[in-house]
Amino acid sequence: MTQAPARPTNPDALLAGWREQVLEQGVGLHESQVLEALEFPEERMGELLQLAHEVRMRWCGPEVEVESIISLKTGGCPEDCHFCSQSGLFASPVRSAWLNIPSLVEAAKSTAKSGATEFCIVAAVRGPDKRLMSQVRAGIAAIRAEVDINVACSLGMLTQEQVDELADMGVHRYNHNLETARSYFDKVVTTHTWEERWSTLTMVREAGMEVCCGGLLGMGESLAQRAEFAAQLAELEPDEVPLNFLIPQPGTPFADLPVVPAEEALKSVAAFRLALPRTILRFAGGRELTLGDLGAEQGMLGGINAIIVGNYLTNLGRPVDDDLDMLANLKMPIKALNQTI
């Protein structure tokens, strides 16, 4: 369970110091400072969110990157990620299925029509085999023949040969989440290590693809471990960090964990923005359950500058038009395709 936060003794001094360090100098908070932000008094949270928004506007600008994701292979994964209903090791309702190429292309077309600039192909696997790599190559070629959109992939852990092959396909960005802090990882996954994930991310960066790496909050980690996670992401320097909030899935080991409270989730958004001032910080899974409509708007005004629209891999999201209307109401322009390359 998440530890009860200790209140900082001087919020005014903390805000002033963070303003100078992050807003003026562009230097992200280090681990102990992130913890102070996570423990910030709730009655002063509006000021924390405002600072995070100013940091986002100063170092990232007003544009929002919109992305849609789709599962090429769903379910039957051999790994035991305790949050995931796609693991073949748990008694969850998700069953293994493959998406055909025409359906993949239609999903990409629909994504582009929504104004999104990024389309991510995801597979529930430890790592891709030859069949999957062949499907991905064919899918990317078919998408490119029909629609102008950046294609990203999330296919698990990679070998150097697979990294090179994806780069050759023209994959724009590769997603591989560290999921949580290194010190807590073995409480979340036991079938592979945090270091194996880090290795894939390093190879992806060296191959010239953009690195997308985030994780889930609310899996029983302490606030100190959440701060550790933010610091480890800052060390990696990913181009994008998707922030997910746990949706407890029936049949998984984390099925009975509580949903992250909205105030805690918003402080986490602000803290991660202050730790990663120049990074694309994306609202991902769980925001609907954790924050609702009003909280989503607060998050967009508290450091977020990217969202996933539509449904997630095994959970429903908000209707695409609702998110696009929210961005219009907030006067946040959608980033153009040529700005994401």
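The residue numbering used here restarts from 1 in each chain and proceeds along that chain's sequence as written. Side-chain atom pairs in this predicted model are given and counted only at pLDDT of 80 or more, local residue features only at pLDDT of at least 70, and totals for whole chains, interfaces and linings cover all residues. To obtain the side-chain values, all non-hydrogen atoms of the structure were included, while hydrogens and water were left out.

Considering the UniProt feature "binding site: [2Fe-2S] cluster" (unreviewed entry) in the protein
Move 1: Those places that UniProt annotates as "binding site: [2Fe-2S] cluster" (unreviewed entry) correspond, in this numbering, to Cys120, Cys212 and Arg282. Look at the named residues: they lie 163 residues apart in sequence, but the longest C-alpha span between them is just 13.5 Å, so in the fold they bunch up.
Move 2: Within the fold, Cys120 resides in strand β3 (residues 118-123).
Move 3: Comment: elements are numbered from the N terminus, with helices defined as DSSP H or I runs of at least four residues and strands as E runs of at least two. Along the chain, Arg282 falls in strand β9 (residues 280-283). UniProt positions are given in the numbering used here, feature names are shortened, and annotations may be inferred rather than shown by experiment.

Some words on the environment of Ala270
Move 1: The residue Ala270 is located in helix α9 (residues 262-275) in this model.
Move 2: Sequence-wise, Ala270 and Gly299 are 29 residues apart; in three dimensions their C-alpha atoms are separated by 8.0 Å.
Move 3: Throughout, a residue-residue contact means that at least one pair of heavy atoms, one from each residue, lies within 4.5 Å. Among all residues touching Ala270, those that are not within four sequence positions of it are Leu48, Leu49, Ala52 and Gly302.

Structural notes on helix α1 (residues 11-24)
Move 1: The span you would expect from a helix comes to 1.5 Å times its residue count less one. The terminal C-alpha atoms of α1 lie 18 Å apart, and with 14 residues this matches the ideal 20 Å at 1.5 Å per residue to within 8%.
Move 2: When a residue's accessible area, from a 1.4 Å probe over protein chains only, is under 20% of the maximum for its type it is buried; when over 50% it is exposed; and in between it is partly exposed. Taken together, the buried positions of α1 are Pro11, Leu14, Leu15, Trp18, Gln21, Val22 and Leu23.
Move 3: Where α1 is buried, its residues touch α2 (31-38), α3 (45-59) and α9.
Move 4: Within two residues after α1, Gly26 carries a phi angle of roughly 75 degrees, on the positive side.

Description of the packing of helix α4 (residues 101-113) against helix α5 (residues 130-146)
Between two packed helices, the angle of one axis relative to the other and the distance separating the axes together describe the packing.
Move 1: Simply put, an axis is a line fit to the C-alpha atoms, just over the touching stretch for a helix, and the angle between two N-to-C directions goes from 0 to 180 degrees. Closest axis-to-axis distance for the α4/α5 pair is 9 Å, and the angle between their directions is 45 degrees. With respect to α5, the element α4 is oriented oblique. Both α4 and α5 take part in a crossing whose hand is right-handed. Residues Ile101, Leu104, Val105, Ala108 and Lys109 of α4 lie in contact with α5, whose contacting residues are Gln135, Ala138, Gly139, Ala142, Ile143 and Glu146. The cut-offs work like this: below 35 degrees is roughly parallel, past 145 is roughly antiparallel, 65 to 115 is roughly perpendicular, and the gaps in between are oblique. Each crossing is labelled by how the near helix is turned from the far one, with a counterclockwise turn of less than a right angle marking it left-handed and a clockwise turn marking it right-handed.

Thoughts on unusual backbone geometry
Move 1: For Glu179, which is not glycine, the phi torsion reads 75 degrees and is therefore positive.
Move 2: In this fold, Glu179 is placed in the loop between β5 (173-175) and α7 (194-206).
Move 3: For Lys331, which is not glycine, the phi dihedral falls at a positive 55 degrees.
Move 4: You can see Lys331 is positioned in the segment after α11 (320-329).

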